[in-house]
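Results of the structural survey
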Amino acid sequence: MIMDKIALTLAIIGGLNWGSVGIFNFDMVAFLFGGAASAMSRVVYTLVGLSALWCVSLLFREKDPVEERGRT
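Residues numbered from 1 in each chain as written. Predicted model: local features only at pLDDT ≥ 70, side-chain atom pairs only at ≥ 80, totals over all residues. Heavy atoms only, no water.

**Describing the pattern of salt bridges**
For clarity, the threshold we go by: What counts as a salt bridge is simple: a side-chain nitrogen of Lys or Arg found within 4 Å of a carboxyl oxygen of Asp or Glu. Only DSSP runs of H or I with at least four residues qualify as helices, and only runs of E with at least two residues qualify as strands; both kinds are numbered from the N terminus onward. Each residue gets one of three labels from its accessible area relative to the maximum for its type: buried under 20%, exposed over 50%, partly exposed in between, using a 1.4 Å probe on protein chains only.
Per the counting criterion, the structure on display carries 1 salt bridge. Between Arg-61 and Asp-4 there is a salt bridge whose closest N-O contact spans 2.7 Å. Linking Arg-61 in the loop between α3 (39-60) and α4 (65-69) with Asp-4 in helix α1 (residues 2-24), this pair joins segments that are 57 residues apart in sequence. On the accessibility criterion, Arg-61 (37% relative accessible area) is partly exposed.

**Some points on the packing of aromatic side chains**
Where two aromatic rings form a pair, the distance of their centres and the angle of their planes describe that pair. Put simply, the test is: Note on aromatic pairs: the rings of Phe, Tyr and Trp (six-membered ring only in Trp) are paired at centre separations within 6.5 Å, and the planes decide the class, stacked below 30 degrees, edge-to-face beyond 60, tilted for the rest.
For the coordinates displayed, the defined rule picks out 1 aromatic pair. Judged by centre distance (5.3 Å) and plane angle (55°), the ring pair of Phe-26 and Phe-31 falls under tilted.

**Re the environment of Arg-42**
Filter applied, for reference: Residues count as neighbours in contact if any of their non-hydrogen atoms are within 4.5 Å of one another.
The residue Arg-42 is located in helix α3 in this model. According to the relative accessible area criterion, Arg-42 is exposed, its value standing at 55%. Ignoring any residue separated from it by four or fewer positions in sequence, one finds Arg-42 in contact with Ala-36 and Ala-37.

**Observations regarding α3**
Since one α-helical turn is 3.6 residues long, residues separated by three or four positions face the same way. Stated formally: Helix span is expected to be 1.5 Å times the residue number reduced by one. This arc corresponds to the set of directions leading from the helix axis out to the C-beta atoms.
The terminal C-alpha atoms of α3, which comprises 22 residues, lie 33 Å apart, in line with the 32 Å expected from a rise of 1.5 Å per residue. Among the residues of α3, Ser-41, Val-44, Val-48, Ser-51 and Cys-55 are the ones counted as buried. Seen end-on, α3 carries its buried residues on one side only, within an arc spanning 85°. Away from its buried face, by an angle of more than 90 degrees, α3 presents the exposed residues Ala-39, Arg-42, Leu-50, Leu-53 and Phe-60. For α3, the secondary structure elements touched by its buried residues are α1 and α2 (28-33).

**Considering unusual backbone geometry**
With a phi close to 55°, Asn-25 is a non-glycine residue in the positive phi region. Examined against the element boundaries, Asn-25 turns out to sit in the loop between α1 and α2.

**Things to note about α1**
Between its first and last C-alpha atoms α1 spans 32 Å; for 23 residues at 1.5 Å apiece the expected length is 33 Å, and the two agree. What α1 keeps buried is the set Asp-4, Ala-7, Gly-14, Asn-17 and Ser-20. Residues of α1 that are buried sit in contact with α2 and α3. Immediately beyond the C-terminal end of α1, within one or two residues, lies Asn-25, with a positive phi of roughly 55°.

Don't take any of this as a statement about function, it's just geometry.
So, in structure tokens, the structure goes:
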């Protein structure tokens with residue numbers, strides 16, 4: 001599903017950003033969008049958070065048998 005891929009991509013980007021904050025004390029989102037409190041940064045942080053919540057559902061979803069047949 002396309003939404004799963006988008007959410008996973010955003011969650012990975014968020015994880016990499018948090019890794020850079022933890023290791024290098026550098027927030028890439030804040031750097032790119034004018035500070036951690038800017039409106040654009042807050043939008044990105046919100047999208048990453050919502051994406052992470054969406055990804056939680058991936059842990060509990062059963063695979064669709066129709067989707068599995070199409071991959072053989």
